[in-house]
Each structure stands twice: as structure tokens, then as C-alpha cells.
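These are the residues of each chain, in order.
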Amino acid sequence: MTPSLHPLIDNGLTKGNDNFPGGKLHCHCPSSRVEVTITGNVIHNHACGCSKCWKQAGALFSVIGVVPIDKVKTTANEDKLAIVDQSAAIKRFACKQCGVHLFGRIEKEHAFKGLDFIHVELSDEKGWQEPQFAAFVSSIIEQGFNPEKMDDVRSKFKSVGLETYDVLSPRLMDALSTYTAKQAG
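The notes below deal with the structure included here. Just so you know, these numbers come straight off a predicted model, no measurement behind them.

## Brief notes about helix 3 (residues 150-159)
Then, in step 1: Along helix 3, the positions that sit buried rather than exposed are Met150, Val153 and Phe157. On an axial view of helix 3, the arc spanned by its buried residues comes to 60°, and they lie on one face. For helix 3, the exposed residues set more than 90 degrees away from the buried face come down to Asp151 and Ser159.
Then, in step 2: On the buried face of helix 3, the contacting elements are helix 1 (7-10), strand 3 (44-48), strand 10 (133-135), helix 2 (139-142) and strand 11 (163-164).
Then, in step 3: Just past helix 3, the residue Gly161 takes up positive phi, approximately 95°.

Put into C-alpha cells, the structure is as follows:
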């Protein structure tokens with residue numbers, strides 16, 4: 001039996017609303033929750049198996065949406081946020097009490113600078129774009145997943161219509177390579 005990939009994926013994808021206006025993300029604290037307001041839908045959403053992204057309890061993957069930085073604003077209890085790893089390219093802002101990652105931001109020069117990474121499942125609003133692909137799939141092995149069961153994981157993603165990659169999607173890898181080529185002259 002395949003373990004839970006993610007609650008937004010396990011029972012099939014729910015199509016998002018192309019005109020979704022955005023919503024509020026909340027940490028898991030029972031009171032004084034951190035609130036982050038997102039104005040507009042995500043540019044793209046994907047499942048991620050890397051070891052850095054926050055995952056719901058029992059899920060093998062996170063679901064990461066990408067939005068322009070100017071569409072993200074902490075609107076309650078910002079003082080509860082702390083950066084998880086100062087040395088990481090993506091500065092992941094998490095609640096100091098419950099540990100939930102609310103958003104990630106790239107501050108150094110990078111192809112994705114100006115974009116924030118969010119977890120749409122932290123929102124009560126429905127209509128966020130559904131995941132478009134699965135990235136860093138093999139990385140779950142490094143986190144203790146049995147490599148002999150990887151075919152089951154990839155089959156589950158395929159059954160809901162998601163392509164699997166051991167990096168980002170080809171379009172995003174092209175954007176990274178284009179940025180690197182321009183930096184090199």
C-alpha cells in the first residue's frame with residue numbers, strides 16, 4: 001500500500017479556480033495564529049519531496065505554490081515567525097511555536113528571486129491551483145523511504161495525472177539554466 005503522498009493528492013486532484021482571488025494562510029497554533037494574506041492565486045503549484053520543505057504529519061511530500069513576493073503579506077502575529085535555516089537559498093519562515101512553514105523567500109540573486117513559496121493547504125479558502133507536477137521525488141529515499149517502493153509512489157502520482165521529476169519540471173529547469181547562462185554572459 002502506498003503511504004500518503006499528501007492530502008491534496010491522495011484522493012485525486014481538485015481543479016483550482018483560474019479566477020481565484022487568494023486567501024489567508026494560518027499556522028497550526030490553537031490561538032494567536034500567524035496569518036499570511038496572499039492576494040491572487042499561485043503561479044504554479046507542485047508536490048515536493050525535498051528534505052527542506054515542511055510536510056504535513058504523515059505526508060511524504062509537501063505541496064508548494066509559487067507567488068510574486070508583492071502578493072504576500074504577514075497580517076497577524078508576525079513576531080512568531082523565524083527563519084528555519086539562515087544558510088539555505090530559500091529562507092523558510094516558520095511559526096516558532098507550532099513549527100509550520102508559512103512561506104519561503106529567496107533574498108540573494110537567483111532565477112526565482114521575487115517569488116515566494118507557500119503552502120496552500122494552510123488556507124481555509126478553496127480554489128487554489130492544483131499541483132501541476134511532482135519534483136525531487138527520489139529525495140524521499142534520503143529521508144528514509146524504502147527505495148523498493150518508489151514505483152508505487154510514481155504510479156500514484158501518475159494515477160492523478162502528475163508527472164514526476166527528480167529535479168523541477170523541465171520549464172523551471174530551463175528558467176534556471178537561462179538565468180545561469182545570462183549571468184555567465
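## Considerations on the sheet that holds strand 9 (residues 115-118)
Then, in step 1: Strand order in the open sheet formed by eight strands is 6-7-8-9-4-3-10-11, and the pairing between neighbours is mixed. Among the strands making up the open sheet, the edge pair consists of strand 6 (81-83) and strand 11.
Then, in step 2: Judged from the three bridges that link them, strand 8 (residues 101-106) and strand 9 form a sheet pairing that is antiparallel. When the bridges of strand 9 are listed, Phe103 appears paired with Ile118.

Rules used throughout
- Residues numbered from 1 in each chain as written.
- Predicted model: local features only at pLDDT ≥ 70, side-chain atom pairs only at ≥ 80, totals over all residues.
- Heavy atoms only, no water.
- Buried < 20%, exposed > 50% of the residue type's maximum accessible area, 1.4 Å probe, protein only.
- Helix = DSSP H or I, 4+ residues; strand = E, 2+ residues; numbered from the N terminus.
- Arc of directions from axis to C-beta.
- Contact = heavy atoms within 4.5 Å.
- Pairing = 2+ DSSP bridges.

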